[in-house]
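# Structural overview
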Amino acid sequence: MADGTREYWDTRHREQDELASGGHIGLDRPGNELFYALRLGQLLTLIGDLSSPAAPLFVLDAGCGKGHFARALARCGHRVDGFDASQEAIAHARAEDGGLRYAVAALDEWRSPWPYDVVLCVDVLFHVLDDAEWTAGLRNLASLVRVTGRLILTDEDAPERSPRGDYIVHRPAAAYRAMIEPLGLRHTLFRPYGFRENLVGFHVFTRTR
């Protein structure tokens, strides 16, 4: 990750509250509360809100920010690891604790001694402007998913590449499929957020081999 990008996110996480820093910076506090609740509700329908204490789901929250989703999923009984490239965000997440394992890492840097049932990457990849960095991160995340497990990432279901502002580039759904499906995961679902004008949604890939 470029130093300028890392500095941007450290500053944003330092100056914005726990919702705006990783949510929609253009929304007020009530708007971001709704935005988080809607996304969490969608995640729970995709992952499940209950887990057997004897056999919990192992979940990775890649680009976890201050840990909002990671803590929520842990409260549902899942075993959750979280990492983010921002030291500011991880310091906040660790202060909130929740018994989770947090680390500072870029998308292509995280390593794990075990595969995950679910790897999440919520509202992160469209902030990765460099295509080589995006490719390396996506390949690494895919490698962390166990057989029959799921990679759940978010972007628009766009027909073409669409840059917006200084820190957003939406890539076409076909680019995600072309990168991920040769790695043994099949695109099984797109579920849009359905929140105001936001066109982003959850792309679900399931490992078949």
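Residues numbered from 1 in each chain as written. Predicted model: local features only at pLDDT ≥ 70, side-chain atom pairs only at ≥ 80, totals over all residues. Heavy atoms only, no water.

## Observations regarding helix α3 (residues 68–75)
- Taken together, the buried positions of α3 are F69, A70, R71, A72 and L73.
- Two residues or fewer past α3, G77 is found with a positive phi of approximately 100°. (Buried < 20%, exposed > 50% of the residue type's maximum accessible area, 1.4 Å probe, protein only. Helix = DSSP H or I, 4+ residues; strand = E, 2+ residues; numbered from the N terminus.)

## What about the packing of aromatic side chains?
- Inspection of the entire model under this criterion finds nine aromatic pairs.
- Between the aromatic rings of Y8 and W9, the centroid separation amounts to 5.0 Å while the plane-to-plane angle is 85°, which identifies the pairing as edge-to-face.
- Among the residues examined, Y8 registers a relative accessible area of 26% and is labelled partly exposed.
- Relative accessible area serves as the criterion here: at 13%, W9 is assigned to the buried category.
- When the ring of Y8 is compared with that of Y167, the centres are 4.0 Å apart and the planes differ by 10°; the resulting orientation is stacked. Separated by 159 residues along the polypeptide, Y8 in helix α1 (residues 3–15) and Y167 in the loop between β6 (162–163) and β7 (169–170) bring together distant segments of the chain.
- Through pairs of rings, three or more aromatic residues link up here, namely F35, Y193, F195 and F202.
- Over the face of the ring belonging to F35 we find R39, whose NZ or CZ atom lies 3.9 Å from the ring centre. (Phe/Tyr/Trp six-rings, centres within 6.5 Å; stacked < 30°, edge-to-face > 60°. Lys NZ or Arg CZ within 6 Å of the ring centre and 35° of its normal.)

Note that all results are geometric; they support no functional claim without further evidence.
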